Amino acid sequence: MQHNVLILDFGSQYTQLIARRVRELNIYCEIKPFNKLPNDLDAFGAVILSGSPNSVRGEDALHPDLSNIKGKKPLLGICYGAQYLAHFNGGQVAQSNTREYGRANLSFIKGGETFFEGVNEGTQVWMSHSDTIKELPTGAVHMASTHDVENAAYRIEGEDTFAIQFHPEVYHTTDGKQILKNFLVKIAGIEQSWTPDAFVETTVQELKEKVGDDKVVLGLSGGVDSSVAAVLLHKAIGSNLHCIFVNNGLLRKNEFDSVLKQYEGMGLNVKGVDASARFLDALAGIDDPEKKRKAIGRVFIEVFDDEAHQIEDAKWLGQGTIYPDVIESVSATGGPSATIKSHHNVGGLPDFMKLKVVEPLRMLFKDEVRRVGASMGLSPELLGRHPFPGPGLAIRILGDITEEKVRILQEVDAIFINGLKEWDLYNKVWQAGAMLLPVNSVGVMGDERTYEKCVALRAVESTDGMTADWVNLPYEFLQKTSNEIINKVKGVNRVVYDISSKPPATIEWE
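Asker: Whenever I open this one, the overall build of the protein chain confuses me. Can you help?
Answerer: Looking only at helices and strands, one finds 13 helices and 19 strands in the protein chain. Its C-alpha atoms give the protein chain a radius of gyration of 26 Å, within 12% of the compact-globule value 24 Å for 510 residues. Seen along its three principal axes, the alpha-carbon backbone of the protein chain occupies a region of about 80 × 60 × 40 Å. In the protein chain, which comprises 510 residues, the proportion classed as buried is 56%. Across the protein chain, every contact between residues at least 6 apart in sequence was considered, and the portion connecting residues at least 24 apart equals 74%. Summed over its atoms, the accessible surface of the protein chain is roughly 23400 Å², and 47% of this surface lies on carbon and sulfur atoms.

Take a look at the structure:
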């Protein structure tokens, strides 16, 4: 029996959540677009069909090839997946009179005892659909209903095929994790054996086989992802790993020196390269956010390529790419996807670099990266470090970049971040930072009129950055921080706090 799970994505906003819930059960899973089934289906012990914004009744209905799955492997259809299994197997799906969205309560019908084992009558579930299943497919056994949805759950007689109209992966479905566990563990017989230690052991062995005696160059950022990737590679290939930490002049205050010092005790072969002047020159006069990102990316590749050429026979580029980067860069439906931001470490390298890419964290979510790092003994301080954008302070300075603007923002950011740590708030925040706004405002300092910059402070709570809520920091903290910034940072006379959530806003301002 194989112990991996395949999730077929039909473009649902919740697909990543399905994967996260499965991983929380210590079961390994992968997300694939519905129309790009892996060649090695034998590697998967169960399959889950996600939801979708599409309708099974439409001309644009998404049709997966389930000929080697349905009736042959344990299969769970969620929302669109449940409607698909009904509509194309003798059932009927019709448009609901009203859009069924929000909380509902399950009533159980005899026939789903194992699937709903440990789940109480009336348990809360989350609905999000505009179509509804009017008639069950051929061979179906009705398992559950809600007040408004008669066919909320069913199974196919003689198969390990199950279907549910609600979303077990979302927080609002109270017993969603138990339902997924019942399907995967009790019905599909999958072992809960995917742990951080098991991942490390397997990955190190795979890296040894893949890289062999070749040399790998890896760009360190000081963050969690690149650090954990470096330690994994170091375990596999030792001194053949060459790490480069580039100062692009857009790091936090004193970060270049502090990060290099942080790596000293980790046994890694790290070289620090101060290319700040080169980056600032390239950014001169550019105020468009995308052009800033492209300029930084271009110079980084040039600097990195210069350094890589000094390492004889380097054949691989190590990267800290993680699973959300990969998923966000792939269109699940095979059609046009809205690009919110481009991921600089997804999609390969310029042809002139001639390096193969190795990404040991490519299949992990952020919280999983932290758990893997902890299992290898990385310090809690490093693992708890807030995410920091690749382009650094360039996308927190709205408008063009100058050395003086960088200095101002570094000073502001240091006061804010150090204050969070002093007030024991840092670990309660997922990401925090300051933005330098392209506006001046009138102020009074002493008896003098000032006309200086405004900065915005931002602190959010999140699990993986896909969604985020602003953090309600204590007024006393904000008051003290504002006073300290205005009194100590020359050039700033006004501080505001960003109370926007993602969506509709993004975490960064550019």
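Asker: What should I look at first to understand helix α4 (residues 196-211) in this one?
Answerer: Each turn of an α-helix holds 3.6 residues, which means side chains three or four residues apart point in the same direction. Its 16 residues place the ends of α4 22 Å apart at the C-alpha level, agreeing with the 22 Å of an ideal helix rising 1.5 Å per residue. Considered for burial, the residues of α4 that qualify are Phe 199, Val 200, Thr 203, Val 204, Leu 207 and Val 211. An end-on view of α4 places all buried positions within 125° of arc, on one side of the element. Among the exposed residues of α4, those oriented more than 90 degrees off its buried face are Asp 197, Glu 201 and Glu 209.

Asker: Mind showing me how you'd approach the sheet that holds strand β4 (residues 75-78) here?
Answerer: As a general point, the strands of a sheet are linked pairwise by backbone hydrogen bonds and lie either parallel or antiparallel. The strand order across the open sheet built from eight strands is β2-β1-β3-β4-β10-β9-β8-β6, with neighbouring strands paired in mixed fashion. Edge positions in the sheet fall to β2 (28-33) and β6 (107-108), since each has one partner strand and no second. Examined bridge by bridge, strand β3 (residues 44-49) and β4 share three bridges and lie parallel to one another. Bridge pairing links Ile 48 to Leu 76 in β4. The strands touched by helix α1 (residues 15-24) are β1 (4-9), β2, β3 and β4; relative to β2, the strand with the most contacts, the crossing angle is about 165°. Across the sheet, helix α2 (residues 80-87) touches β3, β4, β9 (153-156) and β10 (161-164), and the angle it forms with β4 is around 110°.

Asker: Help me out: how do you make sense of unusual backbone geometry in this one?
Answerer: Comment: phi is negative for the bulk of residues other than glycine, and the bulk of peptide bonds are trans. For the bond from Lys 502 to Pro 503, the omega torsion is -15°, close enough to zero to count as cis. Mapping Pro 503 onto the fold places it in the segment after β19 (492-497). For the peptide bond that leads from Pro 503 to Pro 504, omega is 10°, which places it in the cis range. Assignment of secondary structure puts Pro 504 in the segment after β19. A positive phi angle is found at Cys 79, which is not glycine, with a value near 55°. Within the secondary structure, Cys 79 sits in the loop between β4 and α2. The phi dihedral of Asp 424 falls on the positive side, at around 60°, and the residue is not glycine. Owing to a relative accessible area of 55%, Asp 424 belongs among the exposed residues under this scheme.

Asker: How do you make sense of the layout of surface pockets when you look at a structure like this?
Answerer: Over the atoms, a rolling probe the size of a water molecule traces out where space has been left empty. Roughly 520 Å³ of internal volume is contained in the second largest pocket. For the second largest pocket, the lining is made up of 20 residues, of which Ser 258, Glu 381, Arg 385, Ile 417 and Lys 421 are closest to its centre. Every element with two or more residues in the lining of the second largest pocket is listed here: α6 (255-264), α11 (380-383) and α12 (403-422). Broken down by class, the residue content of the lining of the second largest pocket amounts to six nonpolar, seven polar and seven charged.

Asker: Whenever I open this one, the packing of aromatic side chains confuses me. Can you help?
Answerer: Tallied over the full model, the rule gives 16 aromatic pairs. A ring pair is formed by Phe 10 and Tyr 80, whose centres lie 5.1 Å apart and whose planes are at 40°; its orientation type is tilted. In this pair, Phe 10 is assigned in the loop between β1 and α1 and Tyr 80 in helix α2, connecting sequence segments 70 residues apart. Side by side, Phe 10 and Tyr 80 carry an identical accessibility label, which is buried.

Asker: Looking at this model, I keep getting lost on the nonpolar core. Mind explaining?
Answerer: Nonpolar side chains in soluble globular proteins tend to end up buried together. The biggest cluster of nonpolar side chains holds 53 residues, and the ones touching the most others in it are Val 412, Leu 420, Leu 473 and Ile 485. Counting residues per element, this core draws most heavily on α12, which supplies eight residues. If we ignore the near neighbours within four places in the chain, the residues touching Leu 420 are Leu 425, Tyr 426, Ala 432, Leu 473 and Phe 477. Within the second largest apolar cluster, 39 residues are counted, among which are Ala 19, Ala 46, Ile 48 and Val 326.

Asker: Would you mind showing me how to read the sheet that holds strand β14 (residues 314-318) here?
Answerer: If you trace the five strands from one edge of the open sheet to the other, you get β13-β12-β11-β14-β15, paired in parallel fashion. The strands lining the two open edges of the sheet, one partner per strand, are β13 (270-274) and β15 (356-358). Direction aside, neighbouring strands of the sheet carry axes that sit 30° apart on average. Where α4 meets the sheet, it contacts β11 (215-220), β14 and β15, and its direction lies at approximately 170° from that of β15. Lying over the sheet, helix α8 (residues 289-309) contacts β11, β12 (241-247), β13 and β14, oriented at roughly 140° with respect to β12.

Asker: Can you walk me through the packing of α12 against helix α13 (residues 475-488) in this structure?
Answerer: Two measures define how a pair of helices packs: the angle their axes make with one another and the distance between the axes. Contact geometry of α12 with α13 gives a least axis separation of 10 Å together with a crossing angle of 150°. Overall, the two elements α12 and α13 adopt an arrangement that is roughly antiparallel. Like other packed secondary-structure pairs, α12 and α13 cross with a definite hand, here right-handed. Of the residues in α13, those touching α12 at Val 412, Ile 415, Phe 416, Gly 419 and Leu 420 are Phe 477, Thr 481, Glu 484, Ile 485 and Lys 488. Of the residues assigned to the contact of α12 with α13, the class counts are six nonpolar, two polar and two charged.

Rules and cut-offs
Residues numbered from 1 in each chain as written. Predicted model: local features only at pLDDT ≥ 70, side-chain atom pairs only at ≥ 80, totals over all residues. Heavy atoms only, no water. Helix = DSSP H or I, 4+ residues; strand = E, 2+ residues; numbered from the N terminus. Rg over C-alpha atoms; globule rule 2.2 N^0.38 Å. Buried < 20%, exposed > 50% of the residue type's maximum accessible area, 1.4 Å probe, protein only. Contact = heavy atoms within 4.5 Å. Areas by Shrake-Rupley, 256 points an atom, 1.4 Å probe, with all protein chains shown as cover. Expected span 1.5 Å × (residues − 1). Arc of directions from axis to C-beta. Pairing = 2+ DSSP bridges. Axes fitted to C-alpha atoms, helices over the stretch in contact; angles between N-to-C directions. 1 Å grid on protein atoms, 1.4 Å probe; cavity = no way out; pocket = protein on both sides within 12 Å on 5 of 7 lines; lining within 4 Å. Points joined across faces, edges and corners; volume = space filled by probe spheres on them. Nonpolar A, V, L, I, M, F, W, Y, C, P; charged D, E, K, R; others polar. Phe/Tyr/Trp six-rings, centres within 6.5 Å; stacked < 30°, edge-to-face > 60°. Core = buried A, V, L, I, M, F, W, Y, C linked by side-chain atoms within 4.5 Å. Parallel < 35°, antiparallel > 145°, perpendicular 65-115°, else oblique. Left-handed = near helix turned anticlockwise from the far one by under 90°.

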